[in-house]
Amino acid sequence: MVRDELCLLPPNATSVELALEALTRRVDAIPVPLRALRLADECPPEILPWLAYERAVGSWNSNWPLAVKRNVVAQAINVARMRGTAESVRQVVQAFGGQIALREWWQQDPPGEPHTFQLILSLTGQDGEAASADFVDEVIAAVDRTKPVRSRFTFTQGLKAEAGLGVAAGARPAHYRRLQLEEAA
């Protein structure tokens, strides 16, 4: 094996040591985007399940849309920090692309049973379609894992509808002339 000038081994290195050194130099030349592998927004899609496992995501489904997967992984640390609070429930639902109205027992009129809350959830699936029942069940399971342990909740699925309002106007020019008629004598 020929020694080159970049070799850090001593002059009496064996041919096996020189071959290993040359091999590791070639492997080290392969670019590995380590920072991108740790960011949910830049991580390659095939690596996301392992990033989710590292961040202790409670559930994972390979059928979720890519945007939902990235949001769930990105929100995992914040959700874990606030687990057991109303804010963590909101963040979990937002990670799935939903919107939530949450009213705890003391916010209801009349006040509800202690340690309960009402959850009104609006979800849309891919391409703005209604979310499937399985997807809604997965979101409810995620809420159940995140909510305070002593709390129970009632679930209502909301519907998000968008519509446009148009105003139309028309104009018609008209010319009026006042006629003065006199009576003939």
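See above for the structure.
Scope of this entry: the structure provided in the associated data block. Every chain is numbered on its own, with residues counted from 1 as its sequence reads. Local features in this predicted model are restricted to residues of pLDDT 70 or higher, and side-chain atom pairs are both shown and tallied only at a pLDDT of 80 or more, whereas totals for entire chains, interfaces and linings draw on every residue. Excluded from the side-chain calculations are hydrogens and water; all other atoms, namely the structure's heavy atoms, are used.

With respect to unusual backbone geometry
Looking along the chain, the bond that leaves Asp 109 and enters Pro 110 is cis, with omega of -5°. What counts as a helix is a DSSP run of H or I of at least four residues, what counts as a strand is a run of E of at least two, and both are numbered from the N terminus. Tracing the chain through its elements places Pro 110 in the loop between strand S1 (99-104) and strand S2 (116-122). Although it is not a glycine, Ala 56 sits at a positive phi angle of roughly 60°. Note that Ala 56 resides in the loop between helix H3 (48-54) and helix H4 (66-81). Only protein chains enter the accessibility calculation, which uses a 1.4 Å probe; a residue whose area is less than 20% of its type maximum is buried, one above 50% is exposed, and one in between is partly exposed. Given a relative accessible area of 58%, Ala 56 falls into the exposed group.

Let's talk about the packing of aromatic side chains
Think of it this way: a Phe, Tyr or Trp ring, Trp meaning its six-membered ring, pairs with another when their centres are within 6.5 Å, and the plane angle makes it stacked under 30 degrees, edge-to-face over 60, tilted otherwise. Inspection of the entire model under this criterion finds four aromatic pairs. When the centroid spacing of 5.1 Å and the interplanar angle of 85° are considered together, the rings of Trp 64 and Phe 96 count as edge-to-face. In this pair, Trp 64 sits in the loop between H3 and H4 while Phe 96 sits in the loop between helix H5 (86-95) and S1, placing the two residues 32 residues apart along the sequence. As far as the burial class goes, Trp 64 and Phe 96 line up, both buried. Ring centres of Phe 117 and Phe 153 lie 5.3 Å apart, and the angle between their planes is 15°; on these two criteria the pair is classed as stacked. In this pair, Phe 117 sits in strand S2 while Phe 153 sits in strand S3 (residues 152-158), placing the two residues 36 residues apart along the sequence.

Points about the nonpolar core
Membership of the largest hydrophobic core comes to 28 residues, with the highest contact counts inside it found for Val 72, Phe 96, Leu 123, Phe 135 and Val 139. Listed by contribution, the elements that provide at least two residues to this core are H3, H4, H5, S2 and helix H6 (133-146). Every residue pair with non-hydrogen atoms within 4.5 Å of one another is taken to be in contact. Residues in contact with Val 139, not counting those within four places in the same chain, are Val 93, Phe 96, Leu 121 and Leu 123. For our purposes a nonpolar core is just a set of buried Ala, Val, Leu, Ile, Met, Phe, Trp, Tyr and Cys residues, chained together by side-chain atoms within 4.5 Å.

Points about the sheet that holds S2
Read from one edge to the other, the open sheet built from three strands follows the order S1-S2-S3, with strand pairing classed as mixed. Of all strands in the sheet, those bounded by a partner on one side alone are S1 and S3. Looking at each pair of strands side by side, their axes are set apart by 20° on average, direction ignored. The pairing of S2 with S3 spans seven bridges and is parallel. By the bridge assignment, Ser 122 is partnered in S3 with Gly 158. Strands qualify as paired when DSSP identifies two bridges or more between them. Note on geometry: axes are C-alpha line fits, over the in-contact stretch for helices, and angles between N-to-C directions span 0 to 180 degrees.

Structural notes on the side chain of Ser 88
Along the polypeptide, Ser 88 turns up in helix H5. Pairs of N or O atoms within 3.5 Å make up the polar contacts considered here, provided that, within protein, one atom can donate a hydrogen while the other can accept it, and that residues adjacent in sequence are counted only when both atoms are side-chain atoms. Side-chain polar atoms of Ser 88 contact the backbone oxygen of Met 82, separated by 3.2 Å. A polar contact is formed between the side chain of Ser 88 and the backbone oxygen of Thr 85, at a distance of 2.7 Å. Leaving out residues up to four positions away in the same chain, Ser 88 has contacts with Val 79, Met 82, Arg 83 and Thr 146.

Some remarks on a nonpolar patch on the surface
Candidate patch residues must exceed 30% relative accessible area and have no salt bridge, after which like charges are joined if within 9 Å and Val, Leu, Ile, Met, Phe, Trp or Tyr side chains if within 5 Å. Where accessible areas are quoted, they stem from the Shrake-Rupley method and a 1.4 Å probe; at the residue level, only the protein chains shown are allowed to cover. Here a salt bridge means any side-chain nitrogen of Lys or Arg lying within 4 Å of a carboxyl oxygen belonging to Asp or Glu. Taken together, the side chains of Val 16, Leu 20, Leu 23, Val 27, Ile 30, Val 32 and Leu 34 present a nonpolar region at the surface, about 680 Å² in accessible area. The leading source of residues in the nonpolar patch is helix H1 (residues 15-28), at four residues. Within the secondary structure, Val 27 sits in helix H1. We classify Val 27 as partly exposed; its relative accessible area is 48%.

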